[in-house]
Number of protein chains: 2
Amino acid sequence: MTTPLAARIAREYGTPCAVIDMDRVERNIARIQAACEAAGLANRPHIKTHKSPVLAKMQIAAGAKGITCQKLGEAEIMADAGIDDILISYNLIGEEKMARLAALQAKAHMTVAADNSTVIAGLPQAAAASGRPLSVVVECDTGRKRAGVETPAEAVTLAREIAASRGLTFAGFMLYPTETGWVEAQKFLDEALAGVRAHGLDAAMVSTGGTPNLKNLGKLKGGTEHRFGTYIYNDRMQVAAGVATWDDCALHIYSTVVSRAAPERGILDAGSKTLTSDSGGLEGHGLILEHPEARIARFAEEHGFLDLSRSNTRPNVGDVVRIVPNHVCVVVNMMDEVVMVRGDEITGALKVAARGKLR
Amino acid sequence: MTTPLAARIAREYGTPCAVIDMDRVERNIARIQAACEAAGLANRPHIKTHKSPVLAKMQIAAGAKGITCQKLGEAEIMADAGIDDILISYNLIGEEKMARLAALQAKAHMTVAADNSTVIAGLPQAAAASGRPLSVVVECDTGRKRAGVETPAEAVTLAREIAASRGLTFAGFMLYPTETGWVEAQKFLDEALAGVRAHGLDAAMVSTGGTPNLKNLGKLKGGTEHRFGTYIYNDRMQVAAGVATWDDCALHIYSTVVSRAAPERGILDAGSKTLTSDSGGLEGHGLILEHPEARIARFAEEHGFLDLSRSNTRPNVGDVVRIVPNHVCVVVNMMDEVVMVRGDEITGALKVAARGKLR
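Residue numbers here run from 1 along each chain, matching the order of that chain's written sequence. Chain A is the first chain written and ligand 1 is the first ligand written, with later ones labelled in order. The model is predicted, so local features are restricted to residues of pLDDT at least 70 and side-chain atom pairs to those at 80 or more, both for listing and for counting; the totals for chains, interfaces and linings are taken over all residues.

**Describing the environment of C329 of chain B**
Note the cut-off: Segments assigned H or I by DSSP are reported as helices when at least four residues long, segments assigned E as strands when at least two residues long, and all are numbered from the N terminus. Counting other C-beta atoms within 10 Å of a residue's own tells you its class, since 20 or more makes it buried, 12 or fewer makes it exposed, and anything in between is partly exposed; those C-beta atoms are placed from the backbone. Any two residues are considered in contact once their C-beta atoms, placed from the backbone, lie within 7 Å.
Following the sequence through the fold, C329 of chain B ends up in helix α10 (residues 328–332). Residue class for C329 of chain B comes out buried when judged on the 26 C-beta atoms lying within 10 Å of it. When the C-alpha atoms of C329 of chain B and H50 of chain B are compared, they prove to be 7.0 Å apart, with 279 residues separating the residues in sequence. In contact with C329 of chain B, not counting residues within four places along its chain, are E301 of chain A together with K48, T49, G229 and T230 of chain B.

**Overview of the sheet that holds strand β6 (residues 134–140) of chain A**
Residues and elements named next belong to chain A. Quick note on the threshold: Paired strands are those between which DSSP finds at least two bridges. In this analysis, axes come from line fits to C-alpha atoms, helices being fitted only over the stretch in contact, and the angle between any two N-to-C directions falls in the range 0 to 180 degrees.
Strand order across the open sheet formed by 8 strands is β2-β9-β8-β7-β6-β5-β4-β3, with parallel pairing between neighbours. The strands lining the two open edges of the sheet, one partner per strand, are β2 (42–43) and β3 (67–69). Bridging between strand β8 (residues 205–209) and strand β9 (residues 225–227) involves 3 bridges; their strand directions are parallel. Note that in β9 the partner of S207 across the bridge is E225. Contacting β4 (85–91), β5 (109–114), β6 and β7 (168–175), helix α6 (residues 117–130) runs over the sheet at an angle of about 160 degrees to β6.

**Let's talk about the domain arrangement of chain A**
Interface size is commonly expressed as the accessible surface area that is lost when the partners come together. Residue and element names in this part refer to chain A. Stated precisely, the cut-off is as follows: These domain limits were set by an automatic method or by a database of domain assignments.
Entries for chain A in the domain assignment read domain 1 (4–20 + 237–351) and domain 2 (23–235). Here the C-alpha centroids of domain 1 and domain 2 sit 32 Å apart. Each partner contributes residues to the interface: domain 1 has 23 residues there, and domain 2 has 19 residues. Taken together, the elements giving at least two residues each to the side of domain 1 that touches domain 2 come down to α9 (236–241), α10 (328–332) and β17 (345–351).

**With respect to the relation of the copies chain B and chain A**
Going by this rule: Fitting of the copies onto one another was done by least squares over C-alpha atoms, counting residues only where both copies have pLDDT of at least 70.
For the pair chain B and chain A, the superposition axis carries a translation of 0.0 Å, the fit reaches an RMSD of 0.0 Å, and the rotation angle comes to 180 degrees. On this basis, the relationship between the two copies can be described by a two-fold rotation axis. Residue S277 of chain B of chain B places its C-alpha closer to the rotation axis than any other residue of that unit, at 2.6 Å. A shared interface surface links the copies, since 100% of the contact residues of chain B are contact residues in chain A too.

**Quick notes on the packing of helix α4 (residues 72–80) of chain A against helix α5 (residues 95–105) of chain A**
Residue and element names in this part refer to chain A. Keep this limit in mind: Here roughly perpendicular refers to angles of 65 to 115 degrees, roughly parallel to angles under 35, roughly antiparallel to angles over 145, and oblique to all remaining angles. Crossings are assigned a handedness: left-handed for a near helix turned anticlockwise from the far helix by less than a right angle, right-handed for a clockwise turn. Residues are sorted three ways: Asp, Glu, Lys and Arg are charged, Ala, Val, Leu, Ile, Met, Phe, Trp, Tyr, Cys and Pro are nonpolar, and all the rest, Gly among them, are polar.
Relative orientation of the contacting elements α4 and α5 amounts to 20 degrees, with a least axis distance of 10 Å. Classified by the angle between their axes, α4 and α5 sit roughly parallel to one another. Crossing of α4 against α5: the hand is left-handed. Along its contact with α4, which presents L72, A75, E76 and A79, the element α5 presents K97, R100, L101 and L104. Tallied by class, the residues present in the contact of α4 with α5 amount to 5 nonpolar, no polar and 3 charged.

Here it is, written out as structure tokens:
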């Protein structure tokens, strides 16, 4: 079964095609803004999910204080579009990056993260070149085992290094607690805050992150802002995490069934170069709205392998189906554009302007 | 440890950065061309790996008969660059795609694949619009369980449907045997060839595929050409398959170690948005040349998680390392450009012109 809208998407754009429902996008933006305000937190959405200055500006118009980027290339796109409060939540290293960071500082108020002395030692070069002080937060790891110092004592040491560096301002702490790790995060933050205060420093910004942490919003005493990313579109992972419903999923991949080589199998024209191999830890690679019992079992680069053995109704070759991806952030990054709809009306294409900005 | 070349790549382009060694690229092109000629087969390289008309033309200059594409968008880039013999090894469906296929036919000799009657029923629209006959091969599945008819009888039925369709020419069969499935492929092909001949049809083209099938090249009696893709760059999967050495791996991802939050852990600036989550079935996500005992254990979008517990020498923050990816085809598709080197000299950037052509 192909919906009339899916047939039009296929006819006008072809498949596979990413389609975003702008009513849902706006609803998601409003809901998270309201949640931040209710929790007394500033909202600093992470643009890695949508990579579009148009959508970033919608988030800011709804009340967001600024944005978060992971890469300089993303921040450059956003600053060029006029966004002026940008956190790059990442360790930046090297002359090439310092020159770009300096250029960015001329356009926007930049804050960057650091979790080690090598990073901090490089940043004054950017500050000096721009002639403006650079805000730096210390990234703290309270259990995720990614980047970030693992002890409050190290956090305090780095805060002091930042404060002692020419052109750098210690701005505060950045955390990304696991969904079950907010007690540990509180303990870490309390010690780190006490530590910097004992040295006469103030943490004006305490930033937490993660859409699945919606359920923990407001729990951290001393938190000042939260970085939500995925919420603008949502995906199968957010539904699994209990922070979104299927109706909150604003992005669908429209894909054509191109082969039914055997009764219990099928092939989609969306493979790992569209949906990516990122399973998000879930079984199967996406929910097909028209065939929820069908399983996207695996991928070749341009083939999605459908297991139809549990399906009562099975698609025909030529059917266009709608897929909620497991992890929408990496899927959007595969696209030059997404198609916008409102209800059943196609309203145009939106460029994924910061797609592929890997440095 | 950072090599002098890696330091220059980081300074001039930044990391993460895909770097191709053009001496190795040329050697790989020559080696596979020679292997095809020794086996009496035409060479029809699959451009999905490099997505560059510059490299496709190098393959043709070395003796390739034509090229293979998986998507219309890839073929459009290649035809616009003047390549005139293109196989799209994929079921194409829908008005939008038929209009584009017709436009392509005006520029190049096109062959497309089909494994079902729905696809075949649509193709005459493209042939009629272009005013030229369209060559169609029947895709046969001899064990991979992807697209392709599963029995010789079905293959013969579809061959007859193609031959009976206005504007279509039955061109032959396309197979993609598994590495251990060439006896089955021979049996399938023999029956299919006998079947079409009994109906007065001829299979001028019998195309096999896959770089790992280098070890089977020439085994299929009746084969006329082979589609190699990955061989131009090679990767950890090809080394694991025994068809390439580390010295044949022509593409490396240069990545900076941005964090060493704990002694046995590290973070690379290449995550799933650079190296992709496609493991290719291997343990770990790539070989780090400078630290072969280090394990790229998992990814966040922009973080590669390094497990250094088995490493004697461990990288410092700021080190630039070189990574052989598990599956190079999907990695190249994340990049707008790759940087070319010869030995230790940077010779320029090459656009990945057909990147992201997902339809």
